[in-house]
Amino acid sequence: MSAPYGTGDASYLAAGQFEGLVKLVEDFYGFMQTLPQAKLILEMHSPDLTLSKDKLARFLSAWTGGPSLFKEKFGPISIPSAHSHLAIGSTERDAWLLCMEQALALQPYEQDFREYLIKQLSVPAERCRNRE
Ligand code: HEM
């Protein structure tokens, strides 16, 4: 039996390693660009999403127990501080999670892993909320 998600690099492996995370992030930003509910958070980003995609995929690498690819390239990060200049309330938080939920549905993951990941991601998403 493989290790439960959240133990060592189990989540990183279940996510398809860095290649899988890059695909997840690509689909995540694809939904952000098309879902009407995400318009308000898309507009917070620079029009060229290349750097945002690279940063999120690298962040998720260490976050899922894989290599510290964000730190390697950009140095240490605190998720709430990295978002403190943005107006994030529950609407923005939920729009972010909606894009992620839709992106997760497109990945060749086990359903229990999708559910695990969205539940875990709702923790940092809530920590980014700085109003309401
Ligand atoms: C709660 C809703 C969220 C919104 C609306 C949001 C929005 C954004 C925006 C607009 C940026 C670009 C900031 C800029 O260029 O100034 C950004 C950066 C970033 N976000 Fe989020 N985000 C959210 C949640 C999250 C979560 C939950 C994570 C991690 C699991 C995350 C990871 C990152 C990372 C790693 C960066 C790059 C930070 C840097 O430039 O150093 N975000 N986010």
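Structural notes, computed from the coordinates. Counting restarts for each chain: residues are numbered from 1 in the order of the written sequence. Reporting in this predicted model follows two pLDDT cut-offs: at least 70 for local features of residues, and 80 or more for side-chain atom pairs to be given and counted; totals over whole chains, interfaces and linings ignore these cut-offs and use all residues. Only hydrogens and water are removed before side-chain values are computed, so all heavy atoms of the structure are retained for them.

## A few points about the nonpolar core
The term nonpolar core refers to a set of buried residues drawn from Ala, Val, Leu, Ile, Met, Phe, Trp, Tyr and Cys, joined through side-chain atoms within 4.5 Å. Burial classification: accessible surface area is computed with a 1.4 Å probe over protein chains only, and a residue below 20% of its type maximum counts as buried, one above 50% as exposed, and the rest as partly exposed. If you look at the biggest cluster of nonpolar residues, it comprises 34 residues, and the most contacted ones within it are Leu24, Phe28, Leu60 and Met100. Elements represented by at least two residues in this core include exactly α2 (17–34), α4 (50–63), α7 (90–106) and α8 (111–128). The helix count covers DSSP runs of H or I at least four residues long, the strand count covers runs of E at least two residues long, and both are numbered beginning at the N terminus. It is α2 that provides the largest number of residues to this core, a total of 7 residues. Whether two residues are in contact is decided by their heavy atoms: any pair within 4.5 Å suffices. Other than its neighbours up to four places away in sequence, Leu60 contacts Leu21, Leu24, Val25, Met100 and Leu121.

## Regarding the side chain of Arg114
Relative to the assigned elements, Arg114 resides in helix α8. Notably, Arg114 is buried but unbridged: the nearest opposite-charge side chain belongs to Glu115, and the N-O separation is 7.4 Å. For the purpose of counting charges, residues Lys and Arg are taken to be positive, whereas Asp and Glu are taken to be negative. His and the chain ends are not included. Here a salt bridge means any side-chain nitrogen of Lys or Arg lying within 4 Å of a carboxyl oxygen belonging to Asp or Glu.

## Things to note about the packing of α2 against α4
Closest axis-to-axis distance for the α2/α4 pair is 9 Å, and the angle between their directions is 135°. It follows from the interaxial angle that α2 and α4 lie oblique. Here α2 and α4 pass one another in a crossing that is right-handed. Here α2 contributes Phe18, Leu21, Val22, Leu24, Val25, Glu26, Phe28 and Tyr29 to the contact with α4, which in turn contributes Ser52, Lys53, Leu56, Ala57, Arg58, Leu60 and Ser61. Gly counts as polar in this scheme, as do all residues outside two lists: the nonpolar Ala, Val, Leu, Ile, Met, Phe, Trp, Tyr, Cys and Pro, and the charged Asp, Glu, Lys and Arg. Residue composition of the contact of α2 with α4, by class: 10 nonpolar, 2 polar and 3 charged. Angular values range over 0 to 180 degrees, each being the angle between N-to-C directions of two axes fitted as lines to C-alpha atoms, with helices fitted over their stretch in contact. Roughly parallel refers to an angle under 35 degrees, roughly antiparallel to one over 145, roughly perpendicular to one between 65 and 115, and oblique to any angle outside these ranges. Crossings are sorted by hand: turned counterclockwise from the far helix by less than a right angle, the near helix makes the crossing left-handed, and turned clockwise it makes it right-handed.

## Re the site of the ligand
Whether a residue is near a molecule or strand depends on its heavy atoms: it is near if one of them lies within 4 Å of it. The environment of the ligand is made up of 19 residues, and the closest members are His45, Lys55, His83, His85 and Trp96. Pairs of N or O atoms are called polar contacts if they sit within 3.5 Å, as long as, within protein, a hydrogen donor faces a hydrogen acceptor (for residues adjacent in sequence, only side-chain-to-side-chain pairs). Residue His83 places a side-chain N or O atom 2.8 Å away from a nitrogen atom belonging to the ligand. A distance of 3.4 Å separates a nitrogen atom of the ligand from a polar atom in the side chain of Trp96. Put simply, the grid is 1 Å and covers the protein atoms alone, a cavity is a trapped set of points that fit a 1.4 Å probe, a pocket is an open set with protein on both sides within 12 Å along at least five of seven lines, and lining residues have an atom within 4 Å of a point. Any molecule with more than half of its atoms within 2 Å of a cavity's or pocket's grid points is regarded as sitting in that cavity or pocket. In this structure, the ligand is accommodated by the largest pocket. Every element with two or more residues in the shell around the ligand is listed here: α4, α7 and α8. Residue contributions to the shell around the ligand peak at 4 residues, all from α8. Residues of the shell around the ligand, tallied by class, amount to 14 nonpolar, 3 polar and 2 charged.

## Some details on the coordination of the iron atom of the ligand
As a benchmark, a tetrahedral metal site with four donors has ideal angles of 109.5 degrees, while an octahedral site with six donors has ideal angles of 90 or 180 degrees. Shown as donors are all N, O and S atoms within 2.8 Å of a metal ion, widened to 3.2 Å for Na, K and Ca; because water is not in the atom set, sites may appear incomplete. Within the protein, just one atom coordinates the iron atom of the ligand: His83 (NE2), at a distance of 2.0 Å. Following the sequence through the fold, His83 ends up in the loop between α6 (79–82) and α7.

## As for α7
One less than the number of residues in a helix, times 1.5 Å, gives the span that helix is expected to have. For α7, which comprises 17 residues, the first-to-last C-alpha distance of 25 Å matches the rise-based estimate of 24 Å (1.5 Å per residue) to within 8%. Where α7 is concerned, the buried positions are Glu92, Ala95, Leu97, Cys99, Met100, Ala103 and Leu104.

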